[in-house]
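Understanding the architecture of this molecule
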Amino acid sequence: MPLRRRPVDLLFVVFFVINLCFVTYIVDIEQLMIADPAHFTQPLWPPAPLLDLIHWYGDTYDPLLMARPPWWKATIWIDVLLFGPFYLAAVYAFVRRRTWIRVPALVWSGMMLSNVLIILMEERYGPHATPDFGFVLAVNLPWLLMPVAMIIRMRKEPW
């Protein structure tokens, strides 16, 4: 069955592509390239307009993104080194209906849920709490819902 006739799988593929192309290798790379967003030289990557967008979001809604404590950077390294390659493999696996993605997808789901829940607790109650938790929660909701949907999707047989 082609991907266009599998709307749930298509949703996962779109989510993975957005994460691969924007979140992991633009937003997260910015976090690693720029230690102090208040004082930096423009890096080669990501482009200045995207840096401006990331910093505007951080300054307006997400002080944690701008503070970059060590534990936060650890989650960014996990995203860049583990999740990025997973997204690439998952796009291929979902398009081609490869069952070997099941275990990596379940591992990703557990790790993503853990990371996002920890981040949201900091966003709500930590020293870098957001001034608009409802908005930040809404922005982060896909990273809570997609792992749950993935767990449900991966329990189904056959692929």
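In what follows, the structure referred to is the one given above.
All values reported here derive from a predicted model rather than from experimental measurement.

As for the pattern of salt bridges
- Per the counting criterion, the structure on display carries 3 salt bridges.
- Between Asp9 and Arg6 there is a salt bridge whose closest N-O contact spans 2.9 Å. With respect to class, Asp9 is no different from Arg6; both count as buried.
- Residues Arg153 and Asp9 are paired through a salt bridge, measuring 2.8 Å at the closest nitrogen-oxygen approach. Placement of Arg153 in helix H7 (residues 142-154) and of Asp9 in helix H1 (residues 7-33) is noted, with a sequence separation of 144 residues between them. Each member of the pair, Arg153 as well as Asp9, is classed as buried.

Some points on the environment of Val136
- Counting through the fold element by element, Val136 comes out in helix H6 (residues 133-140).
- Take Val136: its relative accessible area is 0%, and that puts it in the buried class.

A few points about unusual backbone geometry
- Cis geometry marks the peptide bond from Trp45 to Pro46, where omega comes out at -5 degrees.
- Positive phi values are uncommon outside glycine, yet Arg68 reaches one of about 55 degrees.
- Taking relative accessible area as the criterion, Arg68 reaches 5% and is therefore assigned buried.
- Of note, Arg97 is a non-glycine position whose phi angle comes to about 60 degrees, a positive value.
- Position of Arg97 among the secondary structure elements: in the loop between helix H4 (70-96) and helix H5 (102-125).

A closer look at the packing of aromatic side chains
- Per the counting criterion, the structure on display carries 19 aromatic pairs.
- Arranged with centres 6.2 Å apart and planes meeting at 75 degrees, the rings of Tyr87 and Trp108 form a pair that is edge-to-face. In this pair, Tyr87 sits in helix H4 while Trp108 sits in helix H5, placing the two residues 21 residues apart along the sequence.
- Taking relative accessible area as the criterion, Tyr87 reaches 0% and is therefore assigned buried.
- Looking at Trp108, the relative accessible area reads 2%, which means it is buried.
- Through a chain of ring-to-ring contacts, the aromatic side chains of Phe12, Phe15, Phe16, Phe83, Phe86, Tyr87, Phe94, Trp108 and Trp143 assemble into a single cluster.

Reading the values: rules and limits
- All residue numbers here refer to positions counted from 1 along the written sequence of the relevant chain.
- Reporting of local features is limited, given that this is a predicted model, to residues whose pLDDT is at least 70; pairs of side-chain atoms are given and counted only at 80 or more, and all residues count toward the totals for whole chains, interfaces and linings.
- Side-chain metrics rest on all non-hydrogen atoms present in the structure, leaving aside hydrogens and water.
- When a carboxyl oxygen of Asp or Glu lies within 4 Å of a side-chain nitrogen of Lys or Arg, that pair is called a salt bridge.
- Residue exposure (1.4 Å probe, protein chains only): buried if accessible area is under 20% of the type maximum, exposed if over 50%, otherwise partly exposed.
- Note on conventions: DSSP H or I runs of at least 4 residues are helices, E runs of at least 2 residues are strands, and numbering of each starts at the N terminus.
- A pair of Phe, Tyr and Trp rings is counted when the ring centres sit within 6.5 Å of each other, with Trp represented by its six-membered ring. The angle between the planes then sorts it: under 30 degrees is stacked, over 60 is edge-to-face, the rest tilted.

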